[in-house]
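Working through the structure, step by step
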Amino acid sequence: MGSHDKDFVARMRVIAQKVTLLWQEKGAPMMYRLSTMKQQSYGVLVGITTLLLWYGFSHDFLYFISLLAEILRCFGFFLLVLRVVKKTHSVQGLSLKSQQLFCGVFATRLMFKVFYEDDYLYAFVELLATCLSCYLVFLMRVQHRNSYQRDADTMKELYIIAPCLLVALFLHPSVTKTWLMNVLWAFSTYLECFALLPQLFVFHSASRTVDNMTSLWIVSLFLSRALECTFWIIALFFRDYQRTWSKVVWYVVITELVHTAMLLDFVRNFYKCYKQGMGLLLPSAFGFSGK
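Report on the accompanying structure. Everything numeric here is computed off the predicted structure, so don't read it as measured data.

Reading the values: the criteria
- Residues numbered from 1 in each chain as written.
- Predicted model: local features only at pLDDT ≥ 70, side-chain atom pairs only at ≥ 80, totals over all residues.
- Heavy atoms only, no water.
- Patch = residues over 30% accessible without salt bridge, like charges linked within 9 Å, V, L, I, M, F, W, Y side chains within 5 Å.
- Areas by Shrake-Rupley, 256 points an atom, 1.4 Å probe, with all protein chains shown as cover.
- Salt bridge = Lys/Arg side-chain N within 4 Å of Asp/Glu carboxyl O.
- Helix = DSSP H or I, 4+ residues; strand = E, 2+ residues; numbered from the N terminus.
- Core = buried A, V, L, I, M, F, W, Y, C linked by side-chain atoms within 4.5 Å.
- Buried < 20%, exposed > 50% of the residue type's maximum accessible area, 1.4 Å probe, protein only.
- Contact = heavy atoms within 4.5 Å.
- Axes fitted to C-alpha atoms, helices over the stretch in contact; angles between N-to-C directions.
- Left-handed = near helix turned anticlockwise from the far one by under 90°.
- Nonpolar A, V, L, I, M, F, W, Y, C, P; charged D, E, K, R; others polar.

**Let's talk about a nonpolar patch on the surface**
A contiguous nonpolar patch, built from L165, L166, L169, F170, W179 and L180 and spanning about 640 Å² of accessible area, is present on the exposed surface. Mapped by element, the contributors of at least two residues to the nonpolar patch are helix 6 (158–170) and helix 7 (179–194). With four residues, the single largest contributor to the nonpolar patch is helix 6. Relative to the assigned elements, L166 resides in helix 6.

So, in structure tokens, the structure goes:
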């Protein structure tokens, strides 16, 4: 190895040491603080994110709403990863089947955004969400598999995937010239609507309470869906997008409304318990009271 190469290696070692030190002093403590995030801090962070996005994209209101929805959903999965890695070191109370379904949702949606929309910011956020969801699957299958409650995670994924795929084959938008891309878009939309069902069943069969970080993950999903509903209602009924997406109007709106309604009861109970200063009692999208 020449002197030039040795100098380069030495510089890389110095940089690596500085990065490691910076992580230990700044990064790790910040990750721990995020892993113990309270509702007030979550609200402040969401508010700041909203203001920053509004500053950058207020000229395109629909783009602002859609991008904020994507970021909030991605942030929810980030909080869930922090919950496992930094706070509990356990995947107890989480559904592996829901996470695997979300991997399918993000992967198919990422393909659509890369090959059709050509929006790198959207694709980047979707890529982050895909990586986080896949990492959660890795944590549940490998690193923390001993804490995975397999007996509680009993809902069959095929009962969700097969109907969603079947409906997508017949009800899909015609916004691209590629039949497969149209079907993938519809499939990811339908699959995301029901991907949380196995998790709701785990909540009821495994525990009577839900920890704070997992609750904030669900809240993030709810806020994301509420924003998506707003996007479609404005786009289709006030911006006249149905002329372009004439075959999307009714079943997209219905899917988004069903998805939001499934999360609404959870968020309602979350808010009620927060106002009473107590831990979150287990809610359900279907009005179950538990065991």
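**Things to note about the nonpolar core**
Grouped together as the largest cluster of nonpolar side chains are 77 residues, with contacts concentrated most on F77, F102 and W217. Broken down by element, this core gets its largest block of residues, 16 residues, from helix 3 (residues 61–88). The contact partners of W217, leaving out residues within four places of it in the chain, are G76, F77, L80, Q99, F102, L196 and Q199.

**Some points on the pattern of salt bridges**
If charged atoms from side chains of opposite charge come close, those side chains can pair. Taken as a whole and assessed by the stated rule, the structure comprises five salt bridges. Among the ionic pairs, E126 bridges to R73, the shortest N-O distance being 3.0 Å. Placement of E126 in helix 5 (residues 120–143) and of R73 in helix 3 is noted, with a sequence separation of 53 residues between them. The exposure classification of E126 matches that of R73, with both residues buried. R109 serves as the salt-bridge partner of E192, at 2.9 Å between the closest nitrogen and oxygen. Of the two residues, E192 sits in helix 7 while R109 sits in helix 4 (residues 96–117), which places them 83 residues apart along the sequence. One continuous salt-bridge network, built from bridges that share partners, spans E70, R73, R109, E126, E192 and R225.

**Re the packing of helix 3 against helix 4**
Orientation of helix 3 relative to helix 4, taken along the N-to-C sense of each, is 145°, at an axis distance of 14 Å. When the axes of helix 3 and helix 4 are compared, the crossing they make is left-handed. Seen from helix 3, the contacting residues are E70, R73, F77 and L80; seen from helix 4, they are Q99, F102, F106, R109 and K113. Within the contact of helix 3 with helix 4, the residues separate by chemical class into four nonpolar, one polar and four charged.

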